There are 2 protein chains.
Amino acid sequence: MREGLKIFKIGGGIIDDDAQLRQFLRALTHVPGHKLLVHGGGKGASQMLRDLGIEPQLVQGRRITDAATLDIVTMFYAGKTNKQMVSLLQAEGVNALGLSGADGNAIRAVKRPVKDIDYGFVGDLPANAVNTDLLHQLLKNGLLPVFCAITHDGQGQLLNTNADTIASTLARALAERYAVELHFCFEKDGVLRDVHDEASVIPQLTATEYQELKATGSIAAGMVPKLDNAFAALEAGVEQVVIEHALRINEPVKTVLCRS
Amino acid sequence: MREGLKIFKIGGGIIDDDAQLRQFLRALTHVPGHKLLVHGGGKGASQMLRDLGIEPQLVQGRRITDAATLDIVTMFYAGKTNKQMVSLLQAEGVNALGLSGADGNAIRAVKRPVKDIDYGFVGDLPANAVNTDLLHQLLKNGLLPVFCAITHDGQGQLLNTNADTIASTLARALAERYAVELHFCFEKDGVLRDVHDEASVIPQLTATEYQELKATGSIAAGMVPKLDNAFAALEAGVEQVVIEHALRINEPVKTVLCRS
């Protein structure tokens, strides 16, 4: 039987709130078994870009990662946020080890090809992006890998990569060796049947029900890419995908996605 | 017989020069056997502090690491410099993995006690600072650990630590398991008999000769703490300490320190 592995992804909001971040990390220490954490960036990087007079470059509403922006997000995500998180986990007695995709060649990305828009130093993840042997070694040695959303291309170029994509790519790759639960943690208790009613959490959501809700427009627009991603991970062999509140990971209220 | 391990420490100057840094990293790939790299910070962190309007705080000519400064040096050393170096080594086919002292609890420091001066968030290293089991696992798995000069106290606090001290503390701790060569790489070919003559490199320097040269004032003032540190490492079981030019690590010109 494959060992279990729980992959948690946390986003921006909680990273900007020190007390909430500590509460999440403390709750994580109570989750049994092998674990892996992926974190996005908070608002700090955007603030620092403004403080340094670097204007955000947006094309059709989407941020472009130029060389100066890549430097700052690498510093913020791989330096400040990642190391703070690792040191806080160490203080809780958890042997965390921070990684970018470059470290140990953990995640090798491909710079997004220029079509209509040049996104700059943004990395997409091919099917074979993950060095599963490295992660297996780290997990076997009792370590909790903590990933920031920076990868590399194997040619010396660091790349900015979406943290949700990193989490689901890790989950799919590690599903060959582990029974993987993928937990997307955010600021709501789960997927809501009614976006205006925080209590309308759907406890279990099948792919068929999701398609129906998506068709009627009931699912919040921001959740659609996350859920598309999540159901694709389930189809690719991930055992379970959970959508839950980052501050209530050990409580029963959450949405569990089901294949059918 | 213990396996060999070569620990290289590089300082600020080379980190600020992209072409020189690449030249050093390429040369490092030709060094056989287990290796470990420790890097200091370049001038980038000081520049960013100025750009953000954070004035360096100096007491009796020594820099104080306040909270804002710690944030910036952590971003720069653990984020930008460390990840750039790792990605460049990966491009050379070397499986590098970047670490701060917090990662895997690799190096646990103690915040410098406040006596006459409060140095702020600066970490000193006790005798048992190094997690040798972790480093042994990483080396055994063919990884090249790349350390930045950020440590932690095990209570959730990151600390700024001298990179020379990190290199010699790692060397001493790993000497129990490996035949360690400690290489301090800088911008001269070795220890000079005459500070005004770049060609006066001393090929071999014993502790006794060093004490004589120190007494006559022949050794450059800036070299004294480095060499005191280096001879202490030799006394503590490190096999060999080498002082050499960062751009000529595979050439014969260098100073090898000898116990007696």
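For the structure given in this document, a descriptive report is provided here. Here, residues in each chain are numbered from 1, in the same order as that chain's written sequence. Lettering of chains starts at A and numbering of ligands starts at 1, both following the order in which they are written. Under the rules for a predicted model, residues below a pLDDT of 70 receive no local features and side-chain atom pairs below 80 are neither given nor counted, while totals for whole chains, interfaces and linings still include all residues. As a rule here, side-chain values come from all non-hydrogen atoms in the structure, and water together with hydrogens is ignored.

1. A short note on the overall build of chain A
Counting its regular elements, chain A contains 8 helices and 14 strands. Put simply, the radius of gyration uses C-alpha atoms, and a globule should come to 2.2 Å times the residue count raised to 0.38. Taken over C-alpha atoms, the radius of gyration comes to 18 Å for chain A, in line with the 18 Å a tight globule of 260 residues would show. Along the first, second and third principal axes, the C-alpha atoms of chain A reach 45 × 45 × 35 Å. Note on contacts: a residue pair is in contact if any heavy atoms of the two residues lie within 4.5 Å. Taking the intrachain contacts of chain A between residues at least 6 apart in sequence as the baseline, contacts between residues at least 24 apart amount to 71%. Only DSSP runs of H or I with at least four residues qualify as helices, and only runs of E with at least two residues qualify as strands; both kinds are numbered from the N terminus onward.

2. What about the packing of aromatic side chains?
A pair of Phe, Tyr and Trp rings is counted when the ring centres sit within 6.5 Å of each other, with Trp represented by its six-membered ring. The angle between the planes then sorts it: under 30 degrees is stacked, over 60 is edge-to-face, the rest tilted. Here the structure, examined in full by the defined rule, presents 4 aromatic pairs over all chains. Look at Y210 of chain A and F231 of chain A: their rings are 5.0 Å apart centre to centre, the planes differ by 15°, and that puts the pair in the stacked class. Remark: F231 of chain A occurs in helix α8 (residues 223-235) and Y210 of chain A occurs in helix α7 (residues 207-216); sequence separation between them is 21 residues. Only protein chains enter the area calculation, which uses a 1.4 Å probe; residues under 20% of their type maximum are buried, those over 50% are exposed, and those in between are partly exposed. Residue Y210 of chain A is classed as buried on the basis of its relative accessible area of 1%. A residue is classified by how much of its surface remains accessible, and F231 of chain A, at 8% relative accessible area, is buried. Two thresholds decide whether a charge sits over a ring: the Lys NZ or Arg CZ must be within 6 Å of the ring centre and within 35 degrees of the ring normal. Its end group placed over the ring of Y119 of chain B, R112 of chain B keeps NZ or CZ at 4.8 Å from the ring centre.

3. Some points on empty space enclosed by the protein
A cavity here means a set of 1 Å grid points, computed over protein atoms only, where a 1.4 Å probe fits but cannot escape. A pocket is an open set with protein on both sides within 12 Å along at least 5 of 7 lines, and lining residues have an atom within 4 Å of a point. Grid points are joined across faces, edges and corners, and a volume is the space filled by probe spheres set on the points. The tally for this structure, following the rule as stated, stands at 1 cavity of 30 Å³ or more. The computed volume of the largest cavity comes to approximately 30 Å³. Lining the largest cavity, in full, are Q137, L138, N141 and L143 of chain A together with L134, Q137, L138 and N141 of chain B. Secondary structure elements with two or more residues in the lining of the largest cavity: α5 (132-140) of chain A together with α5 (132-140) of chain B. Gly is placed with the polar residues, together with every amino acid not listed as nonpolar (Ala, Val, Leu, Ile, Met, Phe, Trp, Tyr, Cys and Pro) or charged (Asp, Glu, Lys and Arg). In terms of residue class, the lining of the largest cavity is made up of 4 nonpolar, 4 polar and no charged.

4. Things to note about unusual backbone geometry
Even without glycine at this site, N105 of chain A takes up a positive phi of about 50°. Mapped onto the secondary structure, N105 of chain A falls in the loop between β5 (96-99) and β6 (110-111).

5. Some details on the relation of the copies chain B and chain A
The operation linking the two copies of the chain is a rotation about an axis combined with a translation along the axis. Copy-to-copy superposition: least squares on the C-alpha atoms, limited to residues that have pLDDT of at least 70 in both copies. Aligned on chain A, chain B shows an RMSD of 0.0 Å; the corresponding rotation is 180° and the shift along the axis is 0.0 Å. Here the symmetry operator amounts to a two-fold rotation axis. Closest approach to the rotation axis within chain B is made by the C-alpha atom of G79 of chain B, at a distance of 1.8 Å. The overlap is high: 100% of the interface residues of chain B also sit at the interface in chain A, so the same surface is used on both sides.

6. Observations regarding the layout of surface pockets
Computed from the structure, the largest pocket encloses a volume of approximately 970 Å³. Lining the largest pocket are 37 residues, with Y77, N160, T161, N162 and A163 of chain A sitting closest to its centre. Elements with a minimum of two residues in the lining of the largest pocket: α1 (12-15), α3 (44-51), β4 (62-63), α4 (67-91), β7 (123-124), α6 (163-174) and β11 (178-186) of chain A. Taken together, the residues of the lining of the largest pocket sort by class into 14 nonpolar, 16 polar and 7 charged. What the second largest pocket holds in volume is close to 780 Å³. Residue assignment for the lining of the second largest pocket shows that the elements contributing at least two residues are α3 (44-51), β4 (62-63), α4 (67-91), β7 (123-124) and α6 (163-174) of chain B. Looking at the lining of the second largest pocket residue by residue, the classes come out as 9 nonpolar, 11 polar and 6 charged.

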